[in-house]
4 protein chains.
Amino acid sequence: MFNDADNLTEKQKGILTAATELFAEKGYAATSTSEIAKKAGVAEGTIFRHYKSKKDLLLTVVSPVMIKIIGPYIKKDLYNVLDAEFDHYEDFLRAMIANRINFITDNISFLRIVVQELPFHEELKNQAVEHIGKDIFEKLRGVIRYYQEKGQIVPGHPDAIIRMVGSSIFSYILSRYVLFPESAWEDEEIEIDRIIQLLSNGIGMIDE
Amino acid sequence: MFNDADNLTEKQKGILTAATELFAEKGYAATSTSEIAKKAGVAEGTIFRHYKSKKDLLLTVVSPVMIKIIGPYIKKDLYNVLDAEFDHYEDFLRAMIANRINFITDNISFLRIVVQELPFHEELKNQAVEHIGKDIFEKLRGVIRYYQEKGQIVPGHPDAIIRMVGSSIFSYILSRYVLFPESAWEDEEIEIDRIIQLLSNGIGMIDE
Amino acid sequence: MFNDADNLTEKQKGILTAATELFAEKGYAATSTSEIAKKAGVAEGTIFRHYKSKKDLLLTVVSPVMIKIIGPYIKKDLYNVLDAEFDHYEDFLRAMIANRINFITDNISFLRIVVQELPFHEELKNQAVEHIGKDIFEKLRGVIRYYQEKGQIVPGHPDAIIRMVGSSIFSYILSRYVLFPESAWEDEEIEIDRIIQLLSNGIGMIDE
Amino acid sequence: MFNDADNLTEKQKGILTAATELFAEKGYAATSTSEIAKKAGVAEGTIFRHYKSKKDLLLTVVSPVMIKIIGPYIKKDLYNVLDAEFDHYEDFLRAMIANRINFITDNISFLRIVVQELPFHEELKNQAVEHIGKDIFEKLRGVIRYYQEKGQIVPGHPDAIIRMVGSSIFSYILSRYVLFPESAWEDEEIEIDRIIQLLSNGIGMIDE
DNA sequence: AATGAATGAGACTTCATTCAT
DNA sequence: TATGAATGAAGTCTCATTCAT
């Protein structure tokens with residue numbers, strides 16, 4: 001996971017891991033520090049030796065990851081994509097989807113926390129906007145413009161395109177891997193083809 | 001709001017309204033019954049005269065609404081849409097979007113609760129799947145098929161289409177009305193045209 | 001005691017009494033709320049239904065008393081004294097001493113708290129200065145001037161006189177009733193005569 | 001300060017100094033050992049290497065000082081006074097007052113601790129009575145008797161005289177240097193003359 | 001000797017829930 | 001039906017003290 005970080009004692013790593021999982025599973029407010037302690041196998045007081053408060057623990061669980069891991073993680077992928085200079089944007093999408101699936105399923109606990117707690121904690125919101133919103137979104141605009149200039153993507157304001165592409169991918173992953181993992185899904189490849197097909201040509205019949 | 005229901009005393013309505021707003025604002029676990037009581041202008045004990053427990057209050061806030069209000073609400077809209085038998089699916093989309101905007105902005109508190117608490121309460125999940133998942137999704141499949149048969153929408157498994165259309169609309173509303181209401185947005189009409197355009201023709205250039 | 005006040009439930013009175021005694025006995029910081037609860041025969045939570053915090057309890061124990069009881073108490077005595085218009089200031093002193101003895105021994109718990117905690121709590125200090133310092137001191141100056149004008153007390157700045165008289169009385173009571181109650185003391189009357197004698201004529205031999 | 005004592009490492013002196021100041025400032029019970037450690041610039045554990053417990057630290061802060069420093073300090077002064085064989089007790093008082101002012105203002109932290117914590121710790125009380133009560137009080141009686149025999153001080157039980165003189169001086173210093181240092185005070189010399197005048201001749205008019 | 005991570009008892013406080021009025 | 005005082009379990013957090021390094 002992301003705790004391979006460094007200068008942390010075993011206990012501290014245990015606390016972070018336990019907190020991450022419990023926050024994801026039950027929500028921040030419904031998780032007690034004594035549960036975290038028990039799961040981490042430490043005394044409750046130990047938690048507060050390292051984190052000033054429960055809130056501080058939440059921010060720690062969420063913040064350095066956001067900064068150190070997710071930021072570079074996403075950026076690295078984007079750079080790969082850009083450097084690879086795919087001949088066609090569809091290849092870009094395909095790479096993107098594959099990568100997002102890995103990312104989301106790998107970091108599902110962390111993402112759940114972010115999504116669940118974001119609305120309730122100003123501090124989290126600031127961090128999220130700071131480290132994802134601005135940075136990543138700008139990169140994505142560049143990508144879209146790149147393929148627009150290559151004449152592969154329709155012209156127009158990139159934000160609307162990003163929203164449509166992004167939400168399509170996101171809702172697919174959400175549906176398949178989080179909400180209804182037990183439903184009967186077709187082969188990954190086929191589903192992805194379908195999404196790219198729809199994104200590329202739209203849902204309208206050509207003759208219109 | 002939705003409390004115009006019926007056989008509820010003023011106190012009960014007050015409790016439900018207060019609970020709805022506070023749950024939406026701070027989350028279920030972080031809201032105390034005494035806060036609810038204060039906001040509703042009743043004594044703490046009064047809440048428990050009407051609702052067995054705090055959890056019961058959450059379910060009450062969320063469940064009968066889901067059943068009595070949202071179900072019909074959505075269905076009524078869909079029937080309107082279906083009855084209207086739009087000549088073109090784009091008109092259907094347009095009506096759908098307008099309607100969803102109203103619905104979401106009107107019921108933002110309620111929806112926040114559902115989204116936030118869904119993952120943590122088995123009972124809620126069951127209700128949601130029962131009353132929205134199955135019911136609504138089936139209707140939507142019907143709509144898609146209707147326009148597929150009219151030759152306006154590309155053939156293919158409706159679910160993927162629903163996901164793409166739904167998530168596009170949803171992410172637009174989410175972005176504009178919930179996440180970044182203070183950003184500089186263009187005219188609603190233009191934005192909607194853009195979405196429908198993208199949905200219809202896709203993001204790929206035609207000659208491909 | 002001072003809890004004969006009013007609109008307080010039995011429990012609340014119990015809490016105040018228990019807190020007063022324990023704070024006096026062990027000091028504020030060394031007294032736990034669970035001890036107070038046990039001594040008062042209530043659940044620990046009950047304390048916090050009535051007092052926002054432990055600090056709030058301290059202020060309550062100390063403040064309204066200072067305002068409602070001690071203020072009038074002292075004032076009433078002073079007025080009695082002033083109204084009585086003693087022929088001689090020695091009679092005033094005698095009355096004063098008798099009264100102070102009663103007051104201090106009656107309110108020993110309360111006074112201990114004030115003396116012990118005053119240095120550590122800004123709020124207390126403010127209250128004390130407000131309600132005793134200003135008010136009482138001014139009254140005392142009036143008394144001194146009264147007897148100065150009658151030609152019974154030496155002229156000069158009243159504050160120094162008040163300090164000497166006050167501290168003599170105070171140190172006598174402190175020694176006899178608080179610090180060394182088990183020592184062998186002479187008859188009260190004799191001791192008081194001695195003090196008044198010393199205060200009146202000083203410690204120097206007359207011929208000087 | 002008083003820690004120039006001896007065989008103490010820098011660390012130990014730092015701990016004692018930090019503890020003294022913090023105990024004086026916030027009270028014993030409200031001071032944490034970690035605060036002391038931080039202020040002293042040592043690790044938390046180091047305190048317990050030198051002092052068995054927090055209580056032991058308090059006793060150390062207060063005890064050897066009481067024995068080694070204050071005792072001799074006071075005694076030395078008294079001997080000076082006695083050796084000097086002032087012609088007049090007023091000179092003695094003047095020297096005494098000057099000396100007490102220095103002593104109190106120099107050792108204010110230490111004295112605060114003694115005064116504050118004395119009532120709560122049996123051990124402290126014993127030490128105090130042992131090393132000050134008995135010893136010093138006996139010396140003072142001697143001084144009083146000395147001037148009584150010289151015919152300068154009125155005859156009578158010395159204790160009452162000591163109390164009056166002592167408390168007058170004490171209350172002056174307390175008022176001027178501790179409680180209301182920011183008030184408008186007259187010249188030290190004038191104030192002291194006033195006190196000695198009052199102590200010598202009393203507050204009554206001579207003709208009585 | 002010194003460190004500081006770890007502990008666990010216990011501090012203060014909150015809160016859902018009960019019950020006499 | 002409504003109240004709100006009372007409860008006690010549980011929550012967050014502090015702190016003196018221990019111990020491996």
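- Chain A is annotated in an unreviewed UniProt entry as TetR/AcrR family transcriptional regulator from Oceanobacillus luteolus.

## A closer look at the UniProt feature "DNA-binding region" (unreviewed entry) in chain A
Working step 1: Summarizing the sequence annotation, UniProt attributes the feature "DNA-binding region" (unreviewed entry) to residues 32-51 of chain A in the numbering used throughout.
Working step 2: In residues 32-51 of chain A, the share of helix is 75% and the share of strand is 0%. The end C-alpha atoms are 14 Å apart.

## Description of the relation of the copies chain C and chain D
Working step 1: The operation relating chain C to chain D is a screw motion whose rotation component is 180 degrees, with 0.0 Å of axial translation and a residual RMSD of 0.2 Å. Within this description, the copies of the chain are treated as partners about a two-fold rotation axis. It is Gly202 of chain C whose C-alpha, among those of chain C, lies nearest the rotation axis, at 1.8 Å.
Working step 2: Comparing interface residues between copies, 98% of those in chain C also lie at the interface in chain D; the contact surface is shared.

## As for the interface of chain C and chain D
Working step 1: At the junction of the two partners, chain C supplies 42 residues and chain D supplies 41 residues.
Working step 2: Carbon and sulfur atoms supply 62% of the area buried between chain C and chain D, which totals about 3500 Å² over both sides.
Working step 3: Applying the counting rule to chain C against chain D returns two salt bridges.
Working step 4: For Glu191 of chain D, the salt bridge is made with Arg163 of chain C, and the minimal N-O distance between the two is 3.6 Å.
Working step 5: In this assembly, chain C and chain D are joined by six residue pairs in polar contact (both at pLDDT 80 or more).
Working step 6: For the side of chain C that touches chain D, a count of residues per class yields 21 nonpolar, 14 polar and seven charged.

## Section: the environment of Ala160 of chain A
Working step 1: Here Ala160 of chain A lies in helix 8 (residues 158-179).
Working step 2: Overall, the relative accessible area of 5% leaves Ala160 of chain A in the buried class.
Working step 3: With near-sequence residues (within four places) excluded, Ala160 of chain A lies in contact with Arg194 and Leu198 of chain B.

## Section: the interface of chain A and chain B
Working step 1: Taken together, the contacts link 42 residues of chain A with 41 residues of chain B.
Working step 2: In total, about 3500 Å² of surface goes out of reach between chain A and chain B, with carbon and sulfur atoms giving 62% of it.
Working step 3: Taken together, the connections running from chain A to chain B amount to two salt bridges.
Working step 4: Between the two partners, chain A and chain B, sit eight residue pairs in polar contact (both at pLDDT 80 or more).
Working step 5: A total of ten residues in the side of chain A that touches chain B trace back to one element, the largest contributor, which is helix 8 of chain A.

## A word on the relation of the copies chain A and chain B
Working step 1: When chain A is brought onto chain B, the operation consists of a screw motion whose angular component is 180 degrees and whose axial shift is 0.1 Å, with 0.2 Å RMSD remaining.
Working step 2: Mapped onto chain B, 98% of the interface residues of chain A again fall at the interface, so both copies present the same surface.

## Observations concerning the protein's contact with DNA strand F
Working step 1: Surrounding DNA strand F, one finds 31 residues, the nearest of these being Thr33 of chain A, Thr46 of chain B, Thr46 and His50 of chain C together with Thr33 of chain D.
Working step 2: The sugar and phosphate moieties of DNA strand F supply 60% of its atoms located within 4 Å of the protein.
Working step 3: A distance of 2.6 Å separates a phosphate oxygen of DNA strand F from a polar atom in the side chain of Thr46 of chain B.
Working step 4: Within the side chain of His50 of chain B, a nitrogen or oxygen atom sits 3.0 Å from a phosphate oxygen of DNA strand F.
Working step 5: Counting residues per element, the ones that place at least two in the surface near DNA strand F are helix 3 (44-50) of chain A, helix 3 (44-50) of chain B, helix 3 (44-50) of chain C together with helix 3 (44-50) of chain D.
Working step 6: Here the residues of the surface near DNA strand F sort into six nonpolar, 17 polar and eight charged.

## Thoughts on a nonpolar patch on the surface
Working step 1: Where nonpolar side chains cluster on the molecular surface, the patch consists of Val129 of chain C together with Ile108, Phe170, Leu174, Tyr177, Val178, Leu179 and Phe180 of chain D and spans about 610 Å² of accessible area.
Working step 2: In terms of residue count, the dominant contributor to the nonpolar patch is helix 8 (residues 158-179) of chain D (five residues).
Working step 3: Tracing the chain through its elements places Val178 of chain D in helix 8.
Working step 4: Assessed through its relative accessible area of 31%, Val178 of chain D is described here as partly exposed.

## Some points on the side chain of Gln116 of chain D
Working step 1: Inspection of the secondary structure assignment puts Gln116 of chain D in helix 6 (residues 108-117).
Working step 2: Setting aside anything within four residues of it in sequence, one finds Gln116 of chain D in contact with Val115, Gln116, Pro119 and Phe120 of chain C.

## Quick word on the environment of Pro158 of chain B
All names here are of chain B.
Working step 1: By secondary structure assignment, the location of Pro158 is in helix 8 (residues 158-179).
Working step 2: A relative accessible area of 7% means that Pro158 is categorised as buried.
Working step 3: Along the chain, Pro158 and Arg141 lie 17 residues apart, while their C-alpha atoms are 5.9 Å from each other.
Working step 4: Leave out the neighbours within four places in its chain, and Pro158 touches Arg141, Ile144, Arg145 and Gln148.

## A closer look at the confidence of the model for chain A
Residue and element names in this part refer to chain A.
Working step 1: Mean pLDDT over chain A works out to 84, with 84% of the residues at or above the 70 mark.
Working step 2: Predicted confidence in chain A is weakest over helix 4 (residues 54-84), with a mean pLDDT of 73, and strongest over helix 2 (residues 33-40), with 96.
Working step 3: Contacts of residues 1-5 to residues separated by more than four positions or lying in other chains number seven contacts, the stretch itself having pLDDT below 50.

## So, the packing of helix 8 (residues 158-179) of chain C against helix 9 (residues 188-201) of chain C
All names here are of chain C.
Working step 1: Interhelical geometry of helix 8 versus helix 9 gives an angle of 155 degrees and a closest axis separation of 11 Å. What the angle tells us is that helix 8 and helix 9 run roughly antiparallel. In the packing of helix 8 onto helix 9, the handedness of the crossing is right-handed. Between helix 8 and helix 9, the residues in contact are Met164, Val165, Ser168, Tyr172, Arg176 and Tyr177 and Glu188, Glu191, Ile192, Ile195 and Leu199, respectively.
Working step 2: Counted by class, the contact of helix 8 with helix 9 contains seven nonpolar, one polar and three charged residues.

## Some remarks on the environment of Val143 of chain D
Residue and element names in this part refer to chain D.
Working step 1: Relative to the assigned elements, Val143 resides in helix 7 (residues 122-149).
Working step 2: Judged by relative accessible area, which is 0%, Val143 ranks as buried.
Working step 3: For the pair Val143 and Ile162, spaced 19 residues apart in sequence, the C-alpha separation works out to 9.7 Å.

## Focus: the protein's contact with DNA strand E
Working step 1: Taken together, 33 residues form the shell around DNA strand E, and within it Thr46 and His50 of chain A, Thr33 of chain B, Thr33 of chain C together with Thr46 of chain D come nearest.
Working step 2: For DNA strand E, a base nitrogen lies 2.9 Å from a polar atom in the side chain of Arg49 of chain A.
Working step 3: The backbone of Thr33 of chain B places a nitrogen or oxygen atom 2.5 Å from a phosphate oxygen of DNA strand E.
Working step 4: Among the secondary structure elements, those contributing two or more residues to the surface near DNA strand E are helix 3 of chain A, helix 2 (33-40) and helix 3 of chain B, helix 2 (33-40) and helix 3 of chain C together with helix 3 of chain D.
Working step 5: When the residues that make up the surface near DNA strand E are grouped by side-chain class, the tally is six nonpolar, 19 polar and eight charged.

Conventions and cut-offs
- Residues numbered from 1 in each chain as written.
- Chains lettered and ligands numbered in written order.
- Predicted model: local features only at pLDDT ≥ 70, side-chain atom pairs only at ≥ 80, totals over all residues.
- Heavy atoms only, no water.
- UniProt positions renumbered as here; feature names shortened; annotations may be inferred.
- Helix = DSSP H or I, 4+ residues; strand = E, 2+ residues; numbered from the N terminus.
- Least-squares fit on C-alpha atoms with pLDDT ≥ 70 in both.
- Contact = heavy atoms within 4.5 Å.
- Buried area = accessible area lost by both parts, 1.4 Å probe.
- Salt bridge = Lys/Arg side-chain N within 4 Å of Asp/Glu carboxyl O.
- Polar contact = N/O pair within 3.5 Å; in protein donor to acceptor, adjacent residues only side chain to side chain.
- Nonpolar A, V, L, I, M, F, W, Y, C, P; charged D, E, K, R; others polar.
- Buried < 20%, exposed > 50% of the residue type's maximum accessible area, 1.4 Å probe, protein only.
- Near = heavy atom within 4 Å.
- Patch = residues over 30% accessible without salt bridge, like charges linked within 9 Å, V, L, I, M, F, W, Y side chains within 5 Å.
- Areas by Shrake-Rupley, 256 points an atom, 1.4 Å probe, with all protein chains shown as cover.
- pLDDT = per-residue confidence, 0-100.
- Axes fitted to C-alpha atoms, helices over the stretch in contact; angles between N-to-C directions.
- Parallel < 35°, antiparallel > 145°, perpendicular 65-115°, else oblique.
- Left-handed = near helix turned anticlockwise from the far one by under 90°.

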